[in-house]
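Chain and residue survey
If you want the building blocks of each chain, they are given just below.
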Amino acid sequence: MKVLVAVKRVVDYNVKVRPKSDGTGVDLNNVKMAINPFCEIAIEEAVRLKEKGVVTEIVAVSIGAKVCQEQIRTALALGADRGILVETDVEVQPLAIAKLLKAVVDKEEPKMVILGKQAIDGDNNQTGQMLAALTGMSQGTFASEVVVEGDTVTVTREVDSGSQVVKLNLPAVVTTDLRLNEPRYASLPNIMKAKKKPLDTMTPEDLGVDVTPRVTTLKVEPPAERQAGIKVADVAELVDKLKNEAKVI
Amino acid sequence: MSILILAEHDNASIKGATLNTVAAAKAIGGDITVLVAGEACGAAAEAAAKIEGVSKVLVADNAAYGHQLAENVSLLVAELGKDYAYILAPATTNGKNTLPRAAALLDVAQISEIISVESADTFKRPIYAGNVIATVQSSDAIKVITVRTTAFDAVAAEGGSASVEAVASAHDAGNSSYVREEVAKSDRPELTAASIVVSGGRGMQNGDNFAMLYSLADKLGAAVGASRAAVDAGFVPNDMQVGQTGKIVAPGLYIAVGISGAIQHLAGMKDSKVIVAINKDEDAPIFQVADYGLVADLFDAVPELDSSL
Ligand SMILES: Cc1cc2nc3c(=O)[nH]c(=O)nc-3n(C[C@H](O)[C@H](O)[C@H](O)COP(=O)(O)OP(=O)(O)OC[C@H]3O[C@@H](n4cnc5c(N)ncnc54)[C@H](O)[C@@H]3O)c2cc1C
Ligand SMILES: Cc1cc2nc3c(=O)[nH]c(=O)nc-3n(C[C@H](O)[C@H](O)[C@H](O)COP(=O)(O)OP(=O)(O)OC[C@H]3O[C@@H](n4cnc5c(N)ncnc54)[C@H](O)[C@@H]3O)c2cc1C
């Protein structure tokens, strides 16, 4: 079966970003960019399913500016077979991303779409669920285990109370949680090979999708700074402070 | 203005997260309806009717909603929700699973995890693991919103007297089914609702050593949490993870033991009122947010703290 994987280009998770001083946006000048960690897990899962013989083809899709090709190439180096870039310079919001992905799904007809549960920049945690709604697919969000059997996939989900197992008819949308797998590193030969794999480019207009934002960011600001407190000398002083100064125990 | 809230419940009772969501709805202002979608959920609906500030409770009691599968509940929310100006749910795993699906069915955006209401269409929400706070304005006719529960003080669970109305429509998408659930059983308070949280990190070395934290927590009436490193290493189950991609907590007292203070962890606990860090590395970043830092070996400090309480 064919699998579509959505990969997003985001600021590397090690970078501590700051708002610009005029509050119009986040300072992304010369900041290291990478594949969203949850999307890396999504690719890895697709590759493992291919290694098990369940999946025959993996298509990696990214939406954004031309530079997103870098993240698609990484996905190809990790084992995806071909890439699709939906090129746009507009900041596309989750509903529009989901509509674009639906248009790609309509063309490619994958049996499963794997996305990250959340992008570590927008922290929206929406896109997979929206795509599932638009395509009418079932959804297995926050997955920590994915088992495909015939026309169904059984997904173990990480939920607030512990874990939940659901059985979904294919085609299905799966969004990855952190413990689904540990992504591999791309080897040098595979990085070289990835350069020759096919990568198609299209635009939102080609796909007939209106990406006009529904939500406007008016300003961004740093969170209230927490003042570092004091170091206590020993446990006795700690207990005294908690009882008599902070009055929390 | 009318507001529909998708209740967090377990058929028998209403979860605390619903009370925080009602508080956010009150901050928006308007007539508040709570939807209880479940199976044999009459008790939860009755409890919802008592919540302060709620004027109506809709009960959709049907086998299709028994395990609150997103495929089915989102169809119900989209059907009922088109008559409302706002649709809210707490940013729990349930709310996060269902609400974006309902938003897409209504062809509107979702605003995730708001932490404040600035006006009828403008809200604040954290992005980049809480390192940036964005003020966002929605232009959609129906505003679909998830609420970060720690940012809104719960309304009273008692005192209201809403009317209760049954909803007949049963939506069964027929493409998913519930298999089983593994619920972590604990006599300790729920992590996101506890007034004190004791969390352990990789410094705990193994799962058995968490017994020290359980003992301390029981003396304090606290819940126990963990860093991702501790969860990944298998010391404790995933539902204990605090952070950007785990649970967000904001207790009166947070005690971080053997946790370095990575930004992804801080994102989940830095709004706690008082933070205590116990770490043997005096340069650990956790000390930059701690009100009281103790540079010590946790294997000495934790038992000593336990015995001095
Ligand atoms: C400071 C700031 C200001 C912004 N202002 C605006 C604005 O004014 N207008 C505007 O339209 N947008 C704006 N955005 C962008 C927007 O808020 C989100 O970043 C974007 O909508 C995607 O949300 P997400 O990635 O958090 O979605 P999530 O739902 O968290 O993403 C989940 C998964 O969906 C998939 N996915 C998401 N995006 C893509 C993609 N591009 N390509 C491929 N797969 C993807 C991935 O698999 C990902 O893991 C702004 C962002 C920031 C940080
Ligand atoms: C996409 C993404 C999402 C993430 N989400 C989360 C999240 O939600 N929550 C989260 O927690 N992390 C998250 N992380 C991981 C995060 O980046 C850190 O790796 C993690 O928080 C580190 O856990 P730790 O502090 O327990 O371990 P470490 O960083 O290894 O720190 C262990 C600390 O214990 C101290 N220590 C060791 N032994 C002792 C002793 N005997 N006595 C006292 N102190 C001792 C050490 O000095 C050290 O400071 C995420 C990462 C990514 C990439």
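Described below are features of the structure shown in this document. (Residues numbered from 1 in each chain as written. Chains lettered and ligands numbered in written order. Predicted model: local features only at pLDDT ≥ 70, side-chain atom pairs only at ≥ 80, totals over all residues. Heavy atoms only, no water.)

1. Some words on the site of ligand 2
Test applied: One heavy atom suffices: a residue is near a molecule or strand as soon as one of its heavy atoms comes within 4 Å of it. Any pair of N or O atoms that falls within 3.5 Å is considered a polar contact. Within protein, one atom must be able to donate a hydrogen and the other to accept it, and sequence-neighbouring residues count only if both atoms are side-chain atoms. Here the open area of atoms and residues is found with the Shrake-Rupley method and a 1.4 Å probe, where only the protein chains shown may cover a residue. A run of H or I in DSSP becomes a helix once it reaches four residues, and a run of E becomes a strand once it reaches two; helices and strands are each numbered from the N terminus.
Not every one of the 28 residues close to ligand 2 is listed here, only the nearest: Arg-202, Ser-227, Thr-245, Ser-260 and Asn-279 of chain B. Near ligand 2, the surrounding residues are drawn from chains A and B. A distance of 3.0 Å separates an oxygen atom of ligand 2 from a polar atom in the backbone of Gly-258 of chain B. Here an oxygen atom of ligand 2 and a side-chain polar atom of His-265 of chain B are 2.8 Å apart. Look at ligand 2: alone it shows 980 Å² of surface, and the protein chains cover 86% of it. Listing elements by their share of the shell around ligand 2, those giving two or more residues are helix H6 (228–232), helix H7 (263–266) and helix H8 (298–307) of chain B.

2. Side note on the interface of chain A and chain B
What counts is decided by this rule: In what follows, residue pairs with any heavy atoms lying within 4.5 Å of each other are defined as contacts. Here the quantity called buried area is the total loss of accessible area, with a 1.4 Å probe, experienced by two parts when brought into contact, counted for both.
Contact with chain A, which involves 76 residues of that partner, is made by 84 residues of chain B. Counting each side, the surface lost to burial between chain A and chain B is near 6600 Å², with a carbon and sulfur contribution of 53%. It is Asp-160, Arg-214 and Arg-226 of chain A that lose the most area in chain A upon contact with chain B, and together they represent 12% of the buried surface on that side. For the interface between chain A and chain B, the tally reads 49 residue pairs in polar contact (both at pLDDT 80 or more). Broken down by secondary-structure element, the contributors of at least two residues to the side of chain A that touches chain B are helix H3 (94–108), helix H4 (127–135), strand E7 (138–149), strand E8 (152–159), strand E9 (162–169), strand E12 (215–221), strand E13 (230–232) and helix H7 (235–245) of chain A. Ranked by the residues each element gives to the side of chain A that touches chain B, the list is headed by E9 of chain A, at eight residues.

3. Concerning the site of ligand 1
The test is simple: Just so you know the grouping, Ala, Val, Leu, Ile, Met, Phe, Trp, Tyr, Cys and Pro go in nonpolar, Asp, Glu, Lys and Arg go in charged, and all remaining residues, Gly too, go in polar.
In the vicinity of ligand 1 lie 30 residues, with Lys-8, Ile-63, Glu-91, Pro-94 and Thr-127 of chain A positioned nearest. Those residues lying near ligand 1 are distributed over chains A and B. Between ligand 1 and Lys-8 of chain A there is a distance of 2.6 Å, counted from an oxygen atom to a side-chain nitrogen or oxygen. A distance of 2.7 Å separates a nitrogen atom of ligand 1 from a polar backbone atom of Ile-63 of chain A. In the complex, 91% of the free accessible area of ligand 1, which totals 960 Å², lies under the protein chains. Of all the secondary structure elements, the ones that give two or more residues to the shell around ligand 1 are strand E4 (57–64), H3, strand E6 (112–116) and E12 of chain A. Looking at the shell around ligand 1 residue by residue, the class counts come to 16 nonpolar, 11 polar and three charged.

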